[in-house]
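# Coordinate analysis (summary)
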Amino acid sequence: MDAPLEREWDFFDDLILHIESGDVIPIIGAELLEIDVGGRQVLLDRWIAEQLMHQLKLDVSQFPADYALADIVAWVNRNKKPIHPMDLYGRVHALVEKLGSVPPPGLLELAGIRDFRIYVSATFDELMHRALLQARGDASLVLDSLAFATTQREKTAWYRDQPAGTAFVYHVFGRTSNRQTFVLSDEDKLEWLLAMLPTGSEPRQLFDEMSRKHLLFLGIDFPDWLARFFLRVTKRTPLSAGRAEQEVFAGTHIAGDRPLTGFLEAYSVRTRVYPGTAREFVSNLYQRWMQRNGNRPLPTTRAVTAPAGVERETQRARDHVFLSYRREDKRVAEEIRVLLENAGVDVWMDTEIPGGVEWDRRIRHAIAECLLFIAIVTPEMLTVDESYFLEEWRLAVDRRRRMNAARPFIVPIAVGDVNPQHQDLPSEFSSSQWSTFVPGTLGEKLCRDVVDAVRSVRSRRSGALVE
């Protein structure tokens with residue numbers, strides 16, 4: 001394990017073959033998040049720590065010279081000043097949002113290895129997702145990312161059957177927001193691990209995938225205990241037991257942790273530690289993959305075609321379907337919109353409202369004129385007390401009550417584990433014909449359901465059906 005870097009590392013050729021077979025999952029850590037700030041290369045973790053040090057007017061002499069974000073968080077938790085520890089989450093989220101959209105070169109290289117389809121992020125930023133959007137060229141090949149949180153009680157959508165050529169990011173320790181939805185403190189690590197343990201928790205689906213794959217731990221800064229625990233949980237078997245899958249650790253933090261590397265040498269013979277930095281490993285891997293696959297054509301996704309006899313008509317008054325969604329579900333809404341338009345359906349979303357036009361008035365008009373009202377419903381929406389999508393639902397329900405009971409109008413789409421008979425849903429939703437959608441799939445049944453409803457309404461208009 002301590003072979004010098006200049007010696008040829010003999011695992012790359014085998015690793016490339018496993019990657020080409022889709023049998024490898026990379027796990028991205030903090031050491032790969034080197035960002036450019038005014039020409040200075042600095043790790044994201046250190047940059048956030050510096051910004052908080054300045055914002056909170058902390059005395060730098062009270063911290064080690066190589067202080068990091070964990071040091072700032074621990075100090076605030078210990079002293080409960082100059083702000084409440086819970087306020088740190090919003091501060092960190094604002095700093096991450098301030099970064100812009102330029103991902104580090106190492107993440108761009110990882111995103112460029114197109115045989116990777118699942119990227120597990122151990123960090124709370126969106127840089128890996130942004131790298132995918134930039135490197136894959138076609139945004140339709142990049143699915144919405146997922147993030148686990150301790151407050152999450154319903155199962156979120158899981159991309160078990162992805163369309164060809166697509167990829168996505170799973171944030172196993174959460175993703176930033178103004179709330180405590182991500183790991184920031186050492187205590188958060190404990191709470192996240194406890195939340196992951198119950199049978200049926202959503203990360204189990206991820207761990208199912210990881211247990212069957214080779215894993216690349218790239219730039220992970222886990223402490224010794226967390227690295228051992230995480231490896232054991234993902235492999236689902238004692239580390240000393242015989243198994244076909246291998247793991248690679250690459251990064252200065254892990255390589256310098258002698259108790260951890262000693263443990264791996266003694267008990268996990270299928271684990272290798274790369275004799276160099278995570279950035280060097282990724283660059284080497286990318287170059288070797290490109291030598292074999294650089295000229296390979298880009299994969300394409302298969303579009304869902306409209307059933308025979310349904311022709312796409314130009315959008316006009318009372319001939320579009322209205323797509324209602326919650327702001328947080330915009331990516332899913334866009335994905336559904338593309339699938340329905342490929343199936344010959346004219347979809348109206350509020351993104352079509354031009355600048356300078358009264359937003360509320362246009363939405364009300366679009367609902368009043370639409371052919372169908374499609375409502376994306378997620379488990380999280382059923383806990384919301386106030387939001388504009390509830391007003392959209394009310395407008396649709398009011399219009400539905402004036403219609404013939406046999407005419408299709410409201411088409412609820414369940415994204416996740418939603419009970420159509422939930423007490424907080426309007427009765428007009430519960431009595432409607434529901435469809436389901438799993439992000440990242442082709443949504444063939446969803447498209448058939450909507451197309452059939454469109455055809456039914458058009459037939460009624462033409463007099464083919466007697467009301």
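Residues numbered from 1 in each chain as written. Predicted model: local features only at pLDDT ≥ 70, side-chain atom pairs only at ≥ 80, totals over all residues. Heavy atoms only, no water.

### Structural notes on the layout of surface pockets
The gaps of empty space that remain are located by a probe, the size of a water molecule, rolled over the atoms. Put simply, the test is: In this analysis, the protein atoms alone were mapped onto a 1 Å grid. Cavities are point sets where a 1.4 Å probe fits without being able to get out; pockets are open sets with protein on both sides within 12 Å along at least five of seven lines; lining residues have an atom within 4 Å of a point. Grid points are joined across faces, edges and corners, and a volume is the space filled by probe spheres set on the points. Strands here mean DSSP runs of E at least two residues long; helices mean DSSP runs of H or I at least four residues long; both are numbered from the N terminus. Nonpolar residues are Ala, Val, Leu, Ile, Met, Phe, Trp, Tyr, Cys and Pro. Charged residues are Asp, Glu, Lys and Arg, and all others, Gly as well, are polar.
Considering only enclosed or pocket space, the second largest pocket measures out at about 770 Å³ in volume. Taken together, 31 residues line the second largest pocket, and the ones lying closest to its centre are Ala30, Asp45, Ala70, Lys189 and Asp221. Contributions of two or more residues to the lining of the second largest pocket are made by α2 (44–55), α3 (69–79), α7 (186–196) and α10 (252–255). Grouping the amino acids of the lining of the second largest pocket by side-chain chemistry returns 17 nonpolar, 5 polar and 9 charged.

### Brief notes about helix α15 (residues 388–400)
Rule in force here: By this rule, a helix spans an expected 1.5 Å times one less than how many residues it contains. Burial status follows relative accessibility: with a 1.4 Å probe on protein chains alone, a residue under 20% of its type maximum counts as buried, one over 50% as exposed, and anything between as partly exposed.
Taking 1.5 Å per residue as the helical rise, α15 with its 13 residues ought to reach 18 Å, and the 19 Å between its terminal C-alpha atoms agrees with that figure. Considered for burial, the residues of α15 that qualify are Phe389, Glu391, Glu392, Trp393, Leu395, Ala396, Val397, Arg399 and Arg400.

### Describing the nonpolar core
What counts, and what does not: Buried Ala, Val, Leu, Ile, Met, Phe, Trp, Tyr and Cys residues that are joined via side-chain atoms within 4.5 Å together make up what is termed a nonpolar core. Here, two residues are considered to be in contact whenever any of their heavy atoms come within 4.5 Å of each other.
Formed by 58 residues in total, the largest nonpolar core has its most connected members in Ile48, Leu110, Met128, Phe281 and Leu285. The residues touching Ile48, leaving out its near neighbours within four places in the chain, are Leu69, Val92, Leu95, Val96 and Phe124. Residues Ala149, Val183, Phe230 and Leu231 belong to the second largest nonpolar core, which totals 37 residues.

### Side note on a nonpolar patch on the surface
Put simply, the rule reads: Within this analysis, patches are made of residues with over 30% relative accessible area and no salt bridge. Like charges are joined at 9 Å or less; nonpolar side chains (Val, Leu, Ile, Met, Phe, Trp, Tyr) at 5 Å or less. Accessible surface is estimated by sampling points in the Shrake-Rupley manner with a 1.4 Å probe; for residues, cover comes only from the protein chains shown. For this document, the term salt bridge refers to a Lys or Arg side-chain nitrogen within 4 Å of an Asp or Glu carboxyl oxygen.
A cluster of nonpolar side chains, namely Leu190, Leu194, Leu197, Trp225 and Phe229, defines an oily patch on the protein surface of about 470 Å² accessible area. Put simply, the parts of the chain that give the nonpolar patch at least two residues each are α7 and α9 (224–235). Considering the arrangement of structural elements, one finds Leu194 in helix α7.

### Details of the packing of aromatic side chains
To keep it simple, the criterion reads: Here the aromatic set is Phe, Tyr and Trp, taking the six-membered ring for Trp, and pairing holds for ring centres within 6.5 Å; pairs whose planes are under 30 degrees apart are stacked, those over 60 apart are edge-to-face, and all others are tilted.
For the structure on display, the rule yields 19 aromatic pairs. Their ring planes at 80° and their centres at 5.8 Å tell us that Phe173 and Phe222 sit as a pair that is edge-to-face. Linking Phe173 in the loop between β6 (168–171) and α7 with Phe222 in the loop between β7 (214–218) and α9, this pair joins segments that are 49 residues apart in sequence. Measuring from ring centre to ring centre gives 5.6 Å for Phe322 and Phe373, while their planes differ by 5°; the resulting arrangement is stacked. In this pair, Phe322 sits in strand β10 (residues 321–324) while Phe373 sits in strand β12 (residues 372–377), placing the two residues 51 residues apart along the sequence. Take Phe322: its relative accessible area is 1%, and that puts it in the buried class.

### Examining the packing of α9 against helix α11 (residues 258–267)
For clarity, the cut-off: Simply put, an axis is a line fit to the C-alpha atoms, just over the touching stretch for a helix, and the angle between two N-to-C directions goes from 0 to 180 degrees. With respect to orientation, any angle under 35 degrees is reported as roughly parallel, any angle over 145 as roughly antiparallel, any angle of 65 to 115 as roughly perpendicular, and every other angle as oblique. Two helices that cross are described as forming a left-handed crossing if the nearer one is turned anticlockwise from the farther one by less than a right angle, and a right-handed crossing if clockwise.
It is at 9 Å that the axes of α9 and α11 come closest, and there the two elements cross at 30°. On the basis of their axis angle, the class for α9 and α11 is roughly parallel. You can see that α9 and α11 cross each other, and the crossing is right-handed. Two secondary-structure elements touch here, α9 through Asp224, Ala227, Arg228 and Leu231 and α11 through Pro259, Leu260, Phe263 and Leu264. Broken down by class, the residue content of the contact of α9 with α11 amounts to 6 nonpolar, no polar and 2 charged.

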